[in-house]
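Given next are the chains, with one letter for each unit.
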Amino acid sequence: MRTIIGENYYDGIKAELILTHKDENVFIRLEDFLIKYKHETKLFFISYDLKNKIENLSSNNKDQTQFPLLHCIVPNKILPKEEFENSNPTKNSTFNFKPEFNKQEYIAKIKKIKHHIQQGDIYETNFCYSWSTNQKLENSFVLYQRLKALTQAPFSVYAELKDHIILSVSPERFIKKRGNQLISEPIKGTAKRKNDKAADQAQIKLLASDPKERAENIMIVDLVRNDLSKVAIKNSVSVKELCKIYSFKNIHQMISKVTCTVSEDVSFSAILKALFPMGSMTGVPKIRSMKLMDTYEETQRGLYSGSIGVMQPNGDFDLNVVIRTIIYNKSKESLSFSVGGAITIDSSPEKEYQETLTKAEALLKACQ
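Residues numbered from 1 in each chain as written. Predicted model: local features only at pLDDT ≥ 70, side-chain atom pairs only at ≥ 80, totals over all residues. Heavy atoms only, no water.

## Brief notes about a nonpolar patch on the surface
And step 1. Together, Ile218, Val239 and Leu242 line one region of the surface with nonpolar side chains, adding up to about 210 Å² of accessible area.
And step 2. One can find Ile218 in helix 7 (residues 211-229). (Patch = residues over 30% accessible without salt bridge, like charges linked within 9 Å, V, L, I, M, F, W, Y side chains within 5 Å. Areas by Shrake-Rupley, 256 points an atom, 1.4 Å probe, with all protein chains shown as cover. Salt bridge = Lys/Arg side-chain N within 4 Å of Asp/Glu carboxyl O. Helix = DSSP H or I, 4+ residues; strand = E, 2+ residues; numbered from the N terminus.)

Below, the structure written as structure tokens:
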């Protein structure tokens, strides 16, 4: 196991917990593991389909990546990431990804999903689809470096696990705990950056004032506020930032910040069960949206739409949202990634399709 999260490189496995779809009492087992290794640093790899252990949900879609529901690791070594970064080759491979839906198929699905919104079944949802290729991945860290250079994403992860390699350039934080404070930073709203400075500034203004993008973001902020209230001390949930535009190297994103205070005895599992999966990757109402998307999506999301992060020995943790992420299944020699977007009553199927291509662009470019 070799992993980079944030400024640290984690090497080796002192202890690990791997939970699959077949396992029962997953949160009891997780808490037992966390208590046993309370004074150690822990790494989390959490699949979206952990939702099926939180709510009465299921998915019969194909499992492309075959990633476990939850993988928690106590690493042997924690070193500055430079000790790993400086030891890798410079060769890069080329990969040719194919989407599981063409444009016409995608648009047809969006029209059907919008019909559910028109009927009042849901107000907003997140529909995703995958891209894949069957090729052997060599020099994986070089590909990760290319992804990082193209995106400069703040919540990036590189992980070499037993059965998988994960190359994530996520711009989104799921949940952070510092002391008795929880911080969630949902993203809803995306615009491609322009090369011309004036045009790029115009993109920022356009995104910031777009009524559809703001409506998407505000609906998810309300969902996050509701989820946080399940574990928060009464009247402590607060929106610190609403629909603020943050610029990354390749895209602009609309991000909000919601916080709350929790008591010292609130467990990690209680927080996870209250908030997971994150609202930005589900929809409103949350459970109904997840059920519907399992019928319209054809591939289990697996680690995509899940979370990766680190828990410190003092119990503080920081977890990302697994988006803009390439996952390699070693035994199948298969690479895949997924993209998606929020669908509302005002969604244009054509524009939604173009937004998924914007999100895929850096991943595809890095693989050329």
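## Some thoughts on the nonpolar core
And step 1. If you look at the biggest cluster of nonpolar residues, it comprises 47 residues, and the most contacted ones within it are Leu30, Phe44, Leu50, Phe174, Leu182, Phe268 and Leu272.
And step 2. Those residues within four positions of Phe44 in sequence are excluded, and the remaining contacts are Leu30, Leu34, His71, Cys72, Phe268, Ser307, Ile308, Gly309, Met311 and Leu319.
And step 3. In this structure, Phe101, Ile110, Met293 and Ala360 belong to the second largest nonpolar core, which totals 39 residues. (Core = buried A, V, L, I, M, F, W, Y, C linked by side-chain atoms within 4.5 Å. Buried < 20%, exposed > 50% of the residue type's maximum accessible area, 1.4 Å probe, protein only. Contact = heavy atoms within 4.5 Å.)

## So, the side chain of Ser256
And step 1. Relative to the helices and strands, Ser256 resides in strand 13 (residues 251-261).
And step 2. At 2.6 Å, the side chain of Ser256 forms a polar contact with the side chain of Asn217.
And step 3. One polar contact links the side chain of Ser256 to the main-chain amide nitrogen of Cys243, over a distance of 2.8 Å.
And step 4. For Ser256, the residues in contact, after removing those within four places along its chain, are Ser184, Glu185, Pro186, Asn217, Val221, Glu241, Leu242 and Cys243. (Polar contact = N/O pair within 3.5 Å; in protein donor to acceptor, adjacent residues only side chain to side chain.)

## Describing unusual backbone geometry
And step 1. For the bond running from Phe276 to Pro277, omega is -10°, close enough to zero to count as cis.
And step 2. Residue placement: Pro277 occurs in the loop between helix 8 (268-275) and strand 14 (283-284).
And step 3. Unusually for a residue other than glycine, Gln66 sits at a positive phi of about 55°.
And step 4. Relative to the elements of secondary structure, Gln66 occurs in the loop between helix 2 (51-54) and strand 4 (70-80).

## Quick look at the packing of helix 4 (residues 103-119) against helix 9 (residues 286-296)
And step 1. Across the interface, helix 4 lies against helix 9 with an axial gap of 11 Å and an inter-helix angle of 150°. As far as their axial angle goes, helix 9 and helix 4 are roughly antiparallel. Considering the relative orientation of helix 4 and helix 9, their crossing is right-handed. Seen from helix 4, the contacting residues are Lys109, Lys112, Ile113 and His116; seen from helix 9, they are Leu292, Met293 and Tyr296. (Axes fitted to C-alpha atoms, helices over the stretch in contact; angles between N-to-C directions. Parallel < 35°, antiparallel > 145°, perpendicular 65-115°, else oblique. Left-handed = near helix turned anticlockwise from the far one by under 90°.)

## Quick look at helix 5 (residues 140-151)
An α-helical turn contains 3.6 residues, so a residue and the one three or four places further along point in the same direction.
And step 1. The end-to-end C-alpha distance of helix 5 is 17 Å, a good match for the 16 Å that twelve residues give at a rise of 1.5 Å each.
And step 2. Burial in helix 5 covers these residues: Ser140, Phe141, Val142, Leu143, Tyr144, Leu147 and Thr151.
And step 3. On its buried side, helix 5 packs onto strand 1 (2-5), helix 3 (82-85), strand 7 (155-160), strand 8 (164-170), strand 17 (325-329) and helix 10 (349-366). (Expected span 1.5 Å × (residues − 1).)

## Brief notes about the pattern of salt bridges
And step 1. Taken as a whole, this structure holds 20 salt bridges when the rule is applied.
And step 2. Measuring nitrogen to oxygen at the nearest pair gives 2.8 Å for the salt bridge that ties Lys51 to Asp294. With Lys51 in helix 2 and Asp294 in helix 9, the pair connects residues that are 243 residues apart, well separated along the chain.
And step 3. Taking the relative accessible area as the measure of exposure, Asp294 reaches 13% and is therefore buried.
And step 4. A salt bridge links Glu361 to Lys192, with the nearest nitrogen and oxygen atoms 3.3 Å apart. You can see Glu361 sitting in helix 10 and its partner Lys192 sitting in strand 11 (residues 187-192), a full 169 residues away along the chain.

## A few points about the packing of aromatic side chains
And step 1. If you walk through the whole model with that rule in mind, you get 15 aromatic pairs.
And step 2. Each ring, one from Tyr106 and one from Phe127, has its centre 5.7 Å from the other, and the planes form 50°; the classification is tilted. Of this pair, Tyr106 sits in helix 4 while Phe127 sits in strand 6 (residues 124-133); the two residues are 21 residues apart in sequence, bridging distant segments of the chain.
And step 3. The interplanar angle of 80° and the centroid separation of 5.0 Å between the aromatic rings of Phe141 and Tyr158 together place this pair among those described as edge-to-face. Taken together, the residues Phe141 in helix 5 and Tyr158 in strand 7 connect sequence positions 17 residues apart.
And step 4. A relative accessible area of 2% means that Phe141 is categorised as buried. (Phe/Tyr/Trp six-rings, centres within 6.5 Å; stacked < 30°, edge-to-face > 60°.)

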